[in-house]
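Examination of the molecular architecture
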Amino acid sequence: MNALPATMKAAVQEQAGAALRLHDLPVPVPAPGQVLVRVAAAGLNPLDTKIRAGKAAHARQPLPAVLGIDLAGTVVAVGPDVDGWTVGDEVYGMTGGVGGVQGALAEYAAVDARLLAPKPASFSMREAAALPLGFITAYEGLVDRARVHAGQRVLVHGGAGGVGHLAVQLAQAHGAQVFATGAAESREAIEDYGATAIDYRTTTVADYVQAHTGGEGFDIIYDTVGGATLDASFEAVKPYHGHVVSALGWGTHALAPLSFRAATYSGVFTLRPLLTGEGRAHHGEILREAARLAGRGQLRTRLDPREFSLAAAEQAYRLIEEGAANGKVVVTVAA
């Protein structure tokens, strides 16, 4: 194996709202429990844009910083006290960019080995880098919280979105009948993933509950939108055994509609293991499950077709910020 370089290129967010700048930084040395990954691709999320704008205090990422939460790449060095990984392994994970930890927009990253999983064999590096945050968020809601299973009717709000399209596929993989809300222009994408599309702009909550559940309500509702959409979820859930999950339940909401149905609610905060150190191994386990589903043809990612180099990461962010992305935006860091 060739010796590692002393320095690497990294896209640095120097201050909130500023443009990214390329810097030469020292290549990190893996600490105990870490591996060094040569980053092939970095997946960008809407959360990344909020962090760089200084509007995501919950991510606890002081600037200047290297951002980028999701990565895919190859292990090039293994630190002390690491089992299960060897040099040359292709991996992916949700590994940094928050909590003061270096993110994926750099040629190398020292990563907690527990956060990683083998890259899905059928996925390119770009496809793998598009997956971690969205799939982990979907899994924690549907599987860990709601215990989705065969025979249930599941409603996903925002079914064509970054989390939503993965939640649709995950619920189907567990045998559920899946419905998903979206605008008319999202109908084709939602149906392509196998869900029944509901146009939230033209259909009332009462109407789609009646049409698709005979008025009973949905067994599980996954809200990926927040705000009034979460309130609507409390109106559409099945009494007694229904469960509402939200990845954006951060506002002020009236719980009376949920309480009168004797239904339950769970929140999902996917960053918690990165910020606290607790539960990191479970993230690796979740991504191993994603790889298994991908290998069985039950999981696809939705990529924006435009490609960006590390030097063009600023343009990649602007695409998301302008609402012009058509799928997950991924930066190619190394060929």
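Heads up: the structure comes first, above all this text.
These numbers were taken from a predicted model, which means no experiment stands behind them.

The α-helix winds at 3.6 residues per turn, so residues separated by three or four positions along the chain end up facing the same way. Taking 1.5 Å per residue as the helical rise, helix α3 (residues 132-145) with its 14 residues ought to reach 20 Å, and the 18 Å between its terminal C-alpha atoms agrees with that figure. At Y139, α3 shows its maximal bend, which comes to roughly 30°. Within α3, 13 of the 14 residues are buried, leaving the element largely enclosed by the surrounding structure. At the C-terminal side of α3, R147 shows a positive phi close to 55°.

Here we take up the nonpolar core. Side chains that are nonpolar tend, in soluble globular proteins, to be buried together. If you look at the biggest cluster of nonpolar residues, it comprises 103 residues, and the most contacted ones within it are Y92, L105, F135 and L142. When residues in this core are grouped by element, the largest group, eight residues, is from strand β3 (residues 34-44). Other than its neighbours up to four places away in sequence, L105 contacts A10, A11, L20, A42, L44, V66, L67, L310, A313, Y317 and V331. Formed by 14 residues, the second largest nonpolar core is a distinct cluster that contains V209, L230, V244 and A263.

Where α3 contacts helix α10 (residues 280-295), the two axes come as close as 10 Å, and the packing angle between them is 95°. One finds that α3 runs roughly perpendicular with respect to α10. Across from P132, F135, I136, Y139, E140 and D144 in α3, the residues of α10 making contact are H282, H283, I286, L287, E289, A290 and L293.

Below, the discussion takes up the packing of aromatic side chains. In the structure shown here, the tally under the stated rule is four aromatic pairs. Measuring from ring centre to ring centre gives 5.6 Å for F179 and F218, while their planes differ by 65°; the resulting arrangement is edge-to-face. One end of the pair, F179, is in strand β10 (residues 177-182); the other, F218, is in the loop between α6 (205-213) and β12 (220-223), with 39 residues separating them in the sequence. As far as the burial class goes, F179 and F218 line up, both buried. With centroids separated by 6.3 Å and ring planes inclined at 50°, the aromatic side chains of Y208 and F218 adopt a geometry described as tilted. Pair noted here: Y208 is in helix α6 and F218 is in the loop between α6 and β12, with a separation of ten residues, a long-range link. We classify Y208 as buried; its relative accessible area is 4%.

Conventions we followed
Residues numbered from 1 in each chain as written. Predicted model: local features only at pLDDT ≥ 70, side-chain atom pairs only at ≥ 80, totals over all residues. Heavy atoms only, no water. Helix = DSSP H or I, 4+ residues; strand = E, 2+ residues; numbered from the N terminus. Expected span 1.5 Å × (residues − 1). Bend = angle between axes of the 7 residues up to and from the residue. Buried < 20%, exposed > 50% of the residue type's maximum accessible area, 1.4 Å probe, protein only. Core = buried A, V, L, I, M, F, W, Y, C linked by side-chain atoms within 4.5 Å. Contact = heavy atoms within 4.5 Å. Axes fitted to C-alpha atoms, helices over the stretch in contact; angles between N-to-C directions. Parallel < 35°, antiparallel > 145°, perpendicular 65-115°, else oblique. Phe/Tyr/Trp six-rings, centres within 6.5 Å; stacked < 30°, edge-to-face > 60°.

Remember that the coordinates give geometry; whether it matters functionally is a separate question.
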